[in-house]
Amino acid sequence: MVDAAVLDKLEAGFKKLEASDSKSLLKKYLTRDVFDRLKNLKTPTFGSTLLDVIQSGLENHDSGVGIYAPDAEAYSVFADLFDPIIEDYHGGFKKTDVHPAKDWGDVDSFGNLDPAGEFIISTRVRCGRSMEGYPFNPCLTEAQYKEMEEKVSSTLSGLSGELKGTYYPLTGMTKEVQQKLIDDHFLFKEGDRFLQAANACRFWPSGRGIYHNDNKTFLVWCNEEDHLRLISMQMGGDLGQIYRRLVTAVNEIEKRVPFSHDDRLGFLTFCPTNLGTTVRASVHIKVPKLAANKAKLEEVAARYNLQVRGTRGEHTEAEGGVYDISNKRRMGLTEFQAVKEMNDGIAEIIKIEKEL
């Protein structure tokens, strides 16, 4: 049974959310009926409750989504809430749908989106992975964090060629190294309030760290939001080069570390917006003419299922007309198709900018 204190907290949080003008998907889909059906449930292995799932959205009414999965079983135990949110966010991925098998496609079919270097400042493609046999952040013990970091750092030290690099644990990191990594925009910082409210920052900085190759074009984040975030990036618009590097890296790491995968949902992640392919391909792009006509930019983006964010990501403004534009859908399509949506949408945005 879920204990009384948790039920009281749930009830109070639910009433506050109901009375708020929150635009979150949590508020949209957590009806009284769904709430009553789920409030007494727990996941079998880790005993996660509805409160663990929704506490971030209860605390932050300005969340876009507002829910996280404390462990993989939460996706099935609390399916009445996760399924409609997943369908809404991922453009119609229904509870009867099955995510396709992994497919990176023809890695040579992408090229440079901006060979003259007029528009695209930088390009990155990232994916998230969870290690099999471990729950997500809120359920991890400090010993598990350390054990996972050990597995990750030893795996990464085996990478060679272009991917060869150095792992920097957050524990005991010197101020100089820390500042250098922040200046390179590599280091994630503690204290994202959405993650904190979801109980995802416990035992910080134990078991957290960052790896980058010698060229600083390939990065791995260990135990930030997901167990692993693999990132390939560089200045300019050469999507092909960036994509190939990421695919090589994922394939190499996968040989050594088994990842959590679900037959219906694809690769499992802490946040439901990242399920499926987990792939986010993005550019920092300067389109001053389109920026002056934000409605037009949004319209083109919507046509290609793209998400337009400010320069520094979610919840930020565009600085100097620079936008962060990425694919929004991560489910119901393959890795290749997800990146192709971004590729085609950006090509169209550049074409329109030139014509204006």
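Whatever comes next refers back to the structure up there.
Here's a quick rundown of the structure. Predicted, not measured: the structure shown is a model, and the values here were computed from it.

Thoughts on the packing of aromatic side chains
- Counted according to the given criterion, the structure contains ten aromatic pairs.
- An angle of 65 degrees between the planes, with centres 6.0 Å apart, marks the rings of Trp 104 and Tyr 243 as edge-to-face. Pair noted here: Trp 104 is in the loop between α6 (79-89) and β1 (120-129) and Tyr 243 is in helix α10 (residues 239-256), with a separation of 139 residues, a long-range link. Neither residue differs from the other here; Trp 104 and Tyr 243 are each classed as buried.
- Members of the aromatic cluster, connected to one another through ring pairs, are Trp 104, Phe 110, Tyr 243 and Phe 336.
- In this structure, Lys 328 packs its charged tip against the face of Tyr 89, placed 4.5 Å from the ring centre.

With respect to the side chain of Thr 217
- Within the secondary structure, Thr 217 sits in the loop between β3 (209-213) and β4 (218-222).
- When its relative accessible area of 12% is taken as the criterion, Thr 217 is described as buried.
- Dropping the residues within four chain positions of it, Thr 217 is found in contact with Glu 162, Ile 231, Ser 232, Met 233, Gln 234 and Arg 245.

Points about the sheet that holds β1
- One open sheet holds the eight strands; their spatial order is β2-β3-β4-β5-β1-β8-β10-β9, and the pairing between them is antiparallel. The open sheet has two free edges, formed respectively by β2 (165-169) and β9 (306-309), since each of these has just one partner strand. On average, each strand axis in the sheet is inclined to that of its neighbour by 20 degrees, with strand direction left out of account.
- In this sheet, strand β5 (residues 228-235) lies alongside β1 in antiparallel orientation, the contact comprising eight bridges. Bridge assignment links Ser 122 to a residue of β5, and that residue is Met 235.
- Helix α13 (residues 335-355) rests against β1, β8 (280-286), β9 and β10 (322-327) of the sheet, and its axis sits at about 15 degrees to β8.

The rules behind the values
Within every chain, residues take consecutive numbers counted from 1 along the sequence as written. This being a predicted model, a pLDDT of at least 70 is required before a residue's local features are given, and a value of 80 or more before pairs of side-chain atoms are given or counted; all residues contribute to the totals for chains, interfaces and linings. Side-chain metrics rest on all non-hydrogen atoms present in the structure, leaving aside hydrogens and water. Two rings from Phe, Tyr or Trp (for Trp, the six-membered ring) form a pair when their centres sit within 6.5 Å of each other. Planes less than 30 degrees apart are called stacked, planes more than 60 degrees apart edge-to-face, and all others tilted. Working definition: helices are DSSP H or I runs of at least four residues, strands are E runs of at least two. Numbering for both runs from the N terminus. Buried means the residue's accessible area, taken with a 1.4 Å probe over protein chains only, is under 20% of the maximum for its type, while exposed means over 50%, and partly exposed covers the values in between. In this scheme, Lys NZ or Arg CZ marks a charge over a ring once it lies within 6 Å of the ring centre and within 35 degrees of the ring normal. Whether two residues are in contact is decided by their heavy atoms: any pair within 4.5 Å suffices. At least two bridges found by DSSP between two strands are what make those strands a pair. The angle between two axes is taken between their N-to-C directions and runs from 0 to 180 degrees, where each axis is a line fitted to C-alpha atoms and a helix contributes only its stretch in contact.

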